Structures are given as C-alpha cells and as structure tokens.
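Chain and residue survey
Spelled out from the first residue to the last, the chains are:
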Amino acid sequence: MRIPCPLCGDRDRREFYYMGAAEALTAPPGPEAPPEVIDDQLHLRTNPAGETRDVWYHETGCGAWLIVTRDTVTHAVHGAVLAERRGTTA
Amino acid sequence: MAFSGWRILREGLTGNKGWGPLWRTPEPRKAYDALIIGGGGHGLSTAYYLAKNHGMTRIAVLERGYLGGGNVGRNTTIVRANYFLPGNQEFYSHSLKLWEGMEADLNFNAMHSQRGLINLFHSDGQRDAFARRGNAMINQGDDAILLDREGVRELLPYLDFDNHRFPVYGGLLHPRGGTARHDAVAWGYARGADRLGVDLIQNCEVTGFTIAGGKVTGVETTRGPIAAPMVAMVVAGRSGQLAAKAGMRLPIESHVLQAFVTEGLKPVIDHVVSFGMGHFYISQSDKGGLVFGGDIDFYSSYAQRGNLPMMEHVMEAGMSLMPMIGKAKVLRSWGGIMDMTPDGSPIIDKTPVEGLFVDAGWNYGGFKAVPASGWCLAHLMATGDSHPVAARFRLDRFREGVLLDEEGTGAQHNLH
Ligand SMILES: Cc1cc2nc3c(=O)[nH]c(=O)nc-3n(C[C@H](O)[C@H](O)[C@H](O)COP(=O)(O)OP(=O)(O)OC[C@H]3O[C@@H](n4cnc5c(N)ncnc54)[C@H](O)[C@@H]3O)c2cc1C
Ligand SMILES: [Zn+2]
C-alpha cells in the first residue's frame, strides 16, 4: 500500500502512522459539548466496509498529518490531503 | 448419535457406513423465541447454553455463510486465563474452566491441549510486571509459575537467549494455557445445539431489523423475514455494519489480523510461546505445522487478507527469537476481521433497543472466550441480568469512564 503524501509524493505505507478514523478529527466537539457527544467522537465509529477517510501521520517523512481516502475492502488508496485543509475532498 | 472409541472401532470394521451429518439443515420457521445472528464460536455456544442451561429450544442461529467460516475457523487457537484486570480475570477464568469440561459435555473431541503457555520477558521491569500478573492469576485461582532464564532454557532450548535487543530474562508459565482445534469447537457447539432442537440456518444473511416502539420484533434476511422478541448480534468483525442496520454506532473499528502456518514438521515446539516485545507468538499444531502470528495490520480493514509489511515484521520477529524456524517453509497465510474496541475488552450487553443484545468487541482474543461468552450471553438473554463474571462488559462503559484497558495503551481502537 502506498500513500500519496501531498508534500512528498507516493510513499510506502511503513512511513506512516495510523491515527484512526477522520470523522473524529473533522468535527471536534467544543469543550462545552455534553458527554454523549464526546463519547461519540472518542469511541464510536461508523466503521465502513468500503470507502473511508482516516488520519495518517507521515512519521518518517515530512511529519504532516494527512486525511487519506481509501477502501477498507480492497486496500485501494484514492488520495490524501493535508489535515489542515480538512473539509476539502481528498 | 454419540461418539466413542468403541463406535470408531465398530464403524471401522463395518466400512464407516454408519456416520451421518452432524446437524440438520432445517428451513427457517416464521417465528422463534430468540434469534442469534452469527454462526461463529460465540453464536453457536450462545445457542447451546440457551437451550441447555435455560431450556429455550425454539431458537435459531442465522449465519450468512457456513457455520464456523468466520474468525472461529481462522484463529491461532490459543486458550488461556492470564488476565490481570478485575472484570477480565473472572470471565476468562470461568471460560477456561468451561473449556476443561467442554469436550465431555459436548461429546466432541475439540483437541483441547493444555500444553502450557510461556510469556517471555526481557528486562527487570518486565519481570516485575509479569510477577505481578502471575500473582493476580494465582489470586484468581488459576495457575502461574515465574521461570528464570534457566527455567525457560529447560523448556525452550531453541530460543536465542542472547539476542542483543531482547535477551531472554525469563518467562511466565501458565501451565493450563494451550490450544484447541478451532473448527472442532464450532462443530461441537453446533452439534450440541442441534441435538437440543436449535435450528442452525446457513446461507441466511440478516439484512435489517424490524423495530416497533423501541422494541425489536424480528429481522429481515435473505431467506425472508423471521419474527422473534429477542435477537442477539454476535457477528465479530461485522458488528459495526450489522448494528448500523438497527440505527446504532458501536465503539468498534474492524482491523485485519494475519496468521501463518508452515509445512508439517516433526514435533519441535511443545508449548505456546509468546514474544510480546517482538509482536510474535507461536505453537505447533497436531498436524505438525508451526502456527504463528503477530499484531494486527494497524489500520481499519475488512480485506480478510493482510498486508506485506506486517508479514515481514512477523517473520523478522520469529527469526530473531528462534533462528531455527528460518528452515521451515511457510505454507499459507490468511487474515480475519477483528472487532477492536477502544479498551481492548469485549461487550456482552443489552442495547438501547429492547430485546436486542450485542456480543462483540473480542479483538484478537475471542477464541478462548467462546464457552464463557455463550454462557454469559445466554444468561443475560434468559434472565435479563448480566452474569456476574461478565458484569463489566458494558456497552456504555466508555461513556461512563469505566474502561477495561488490559494493556494500558489508551482509548484508540488499533492499540490493543
Ligand atoms: C488470525 C487470527 C488469530 C487469532 N488468534 C486467536 C487466539 O490465538 N486466541 C483467541 O482467543 N482468539 C484469537 N483470535 C480471535 C478469535 O478468532 C475471535 O475473537 C472470535 O472467533 C470471534 O468470535 P466468533 O467466533 O463468534 O466470530 P466469527 O467466527 O467471525 O463469527 C461471526 C459470524 O457472523 C457471521 N455474520 C456476519 N454478518 C452476518 C449477518 N449480517 N447475518 C448473518 N451472519 C452474519 C459471519 O459470517 C461469521 O460466521 C484470532 C483471530 C484471527 C483472525
Ligand atoms: Zn510527507
């Protein structure tokens, strides 16, 4: 599996550290959020079989956090954007 | 039809013509008293104990493929009770006791072999941690023996004791730990349940739930609707997808765990050996194959096959621990879909939908749990109360902050 880092280009999966589903990062609840919302963000997952978006850290590369769009059934990687540009599609 | 040595002898002398199928292949009825979704180890043992312990025989197991075709037939079969945290301890202790009586109870040879499990340690700090774990196991009523380096050498002379990165300091021996024939466990429970009148329906995928006024009334399946006032979701790696059909999100992320087996060899590895620091564990099957594995692939996946980097990592760890295995040829590798929770512990509980139960989150350790999980889920369904040894496997424990993080690695699904 290769991940297309927007800064470094196509890199081996081993250079990246998996940080979990992007749904948690893309809609962080504020500090006033009720416990159910925080529980949902931290623990509950949509866990799709098919297309998913998750966060990867380019640990031994540029150090950027990426949001990667990929397929959990086929291992296909469709694209990646910098996490700071989240909201724009990968 | 009961199995016995005498029976095998008689069949052998009469051309083996007397054997029949182990269970019926019934058509689904329109309604049952309870439905179990998932014909893996946990679903089948739940059905068996519902019938045996609670007299509920108008029940069915609905399996989308064939019985035992999921993780129960893909795992590396380690059975142990070496947990540390209250909540896990009493549950796995109960499970190991059930294992010890299971074959007689089911009249089925599951090849349960208590050959001893050895967890290696490689530093003073790790020795302290294992001494503490061993004491916890003894306090729980199970067995543990702390071995020093020479003690390990006596049992496992083939290890590289002077590995520069992880020299072997000793190991924690759990004599009652061991392995079993995974398929046989599924078949034994299936046959046991069938003999008590449970309908085992294969090629029957649950595609939806019928819920009225917050109460479950049945399921939609690829073989038509089936009504029941009680339904249990026992589908391991597919739990998230199934629960979504009941409008629920679960604290579960699905990950792939790989395993490997070599060609058959003469007996060489007599125990289960676990090299936690290298993410590697191994045992030898009764056919002679070395069965080994490591960690999950680390990112969410439903692929049921693994990735090459993890394969390389596992092989490297094996080579550094026991260089001799470099001579063995790997025959096959495969992967299963693990239902990972944020604390690495499972869930056996009711759900917000009345009559709908969930048994999931077994991570990569649910094979050893097969008997106790079925025992406890059956208890919960039949009596409405959690069984005392599974009382902490609550669905809401993450929200309530009462996690069971056995490895202390934090609330991220892939870290357990
Ligand atoms: C490589 C590997 C090694 C492992 N090693 C060990 C080990 O050494 N020790 C240990 O204790 N555990 C181990 N495990 C974990 C253990 O195998 C699992 O935790 C356990 O088998 C899961 O429970 P189960 O048997 O009920 O799951 P499964 O056998 O997966 O059963 C779930 C069933 O549900 C069915 N299903 C799914 N969706 C639907 C639907 N919509 N309708 C109907 N049916 C459905 C599936 O087809 C499947 O048959 C390992 C797992 C793997 C993959
Ligand atoms: Zn990069």
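In this text the structure is predicted, and so the values were computed from the model without any measurement. (Residues numbered from 1 in each chain as written. Chains lettered and ligands numbered in written order. Predicted model: local features only at pLDDT ≥ 70, side-chain atom pairs only at ≥ 80, totals over all residues. Heavy atoms only, no water.)

1. A short note on the site of ligand 1
All names here are of chain B. Near ligand 1, the surroundings consist of 38 residues, among which Glu63, Asn71, Val72, Thr76 and Lys368 are the closest. Backbone polar atom of Arg64 to a nitrogen atom of ligand 1: 3.1 Å apart, as the coordinates give it. A distance of 2.8 Å separates an oxygen atom of ligand 1 from a polar atom in the backbone of Asn71. Relative to its unbound accessible area of 1000 Å², ligand 1 is 95% covered by the protein chains. Counting only elements with at least two residues in the shell around ligand 1, the list comes to α2 (41–54), β13 (253–264) and β17 (330–340). Looking at the shell around ligand 1, the element that brings in the most residues is β13, giving 3 residues. (Near = heavy atom within 4 Å. Polar contact = N/O pair within 3.5 Å; in protein donor to acceptor, adjacent residues only side chain to side chain. Areas by Shrake-Rupley, 256 points an atom, 1.4 Å probe, with all protein chains shown as cover. Helix = DSSP H or I, 4+ residues; strand = E, 2+ residues; numbered from the N terminus.)

2. With respect to the sheet that holds strand β14 (residues 272–275) of chain B
Backbone-to-backbone hydrogen bonds pair the strands of a sheet. The strands run either parallel or antiparallel. Residue and element names in this part refer to chain B. The strand order β5-β6-β4-β14-β15-β16-β13-β17 describes an open sheet built from 8 strands, whose pairing is mixed. A single partner strand is all that each edge strand has here, and the edge strands are β5 (145–148) and β17. Each strand axis lies, on average, 20 degrees off the axis of its neighbour in the sheet, ignoring direction. In the sheet, strand β4 (residues 117–121) pairs with β14 via 3 bridges, with the strands oriented parallel. Looking across to β14, one finds that Asn119 is bridged to Ser274. Across the sheet, helix α8 (residues 308–321) lies against β4, β13, β14, β15 (280–284), β16 (289–300) and β17, angled at about 135 degrees from β16, the strand it touches most. (Pairing = 2+ DSSP bridges. Axes fitted to C-alpha atoms, helices over the stretch in contact; angles between N-to-C directions. Contact = heavy atoms within 4.5 Å.)

3. Side note on the coordination of the zinc ion (ligand 2)
Residues and elements named next belong to chain A. Coordination sphere of the zinc ion (ligand 2), protein contribution only: Cys5 (SG), Cys8 (SG), His58 (ND1) and Cys62 (SG), at 2.1 to 2.3 Å. Around the zinc ion (ligand 2), the 4 donor atoms are arranged such that angles at the metal cover 104 to 117 degrees; this shape is classified as tetrahedral. Written as a sequence motif, the donor residues of the zinc ion (ligand 2) are C-x2-C-x49-H-x3-C. Accessibility expressed as a relative area gives 30% for Cys8, which makes it partly exposed. (Donors = N, O, S within 2.8 Å, 3.2 Å for Na, K, Ca; no water. Tetrahedral: all angles 85-135°; square planar, octahedral: opposite > 155°, others 65-115°. Buried < 20%, exposed > 50% of the residue type's maximum accessible area, 1.4 Å probe, protein only.)

Any functional reading would require information that these geometric values do not contain.
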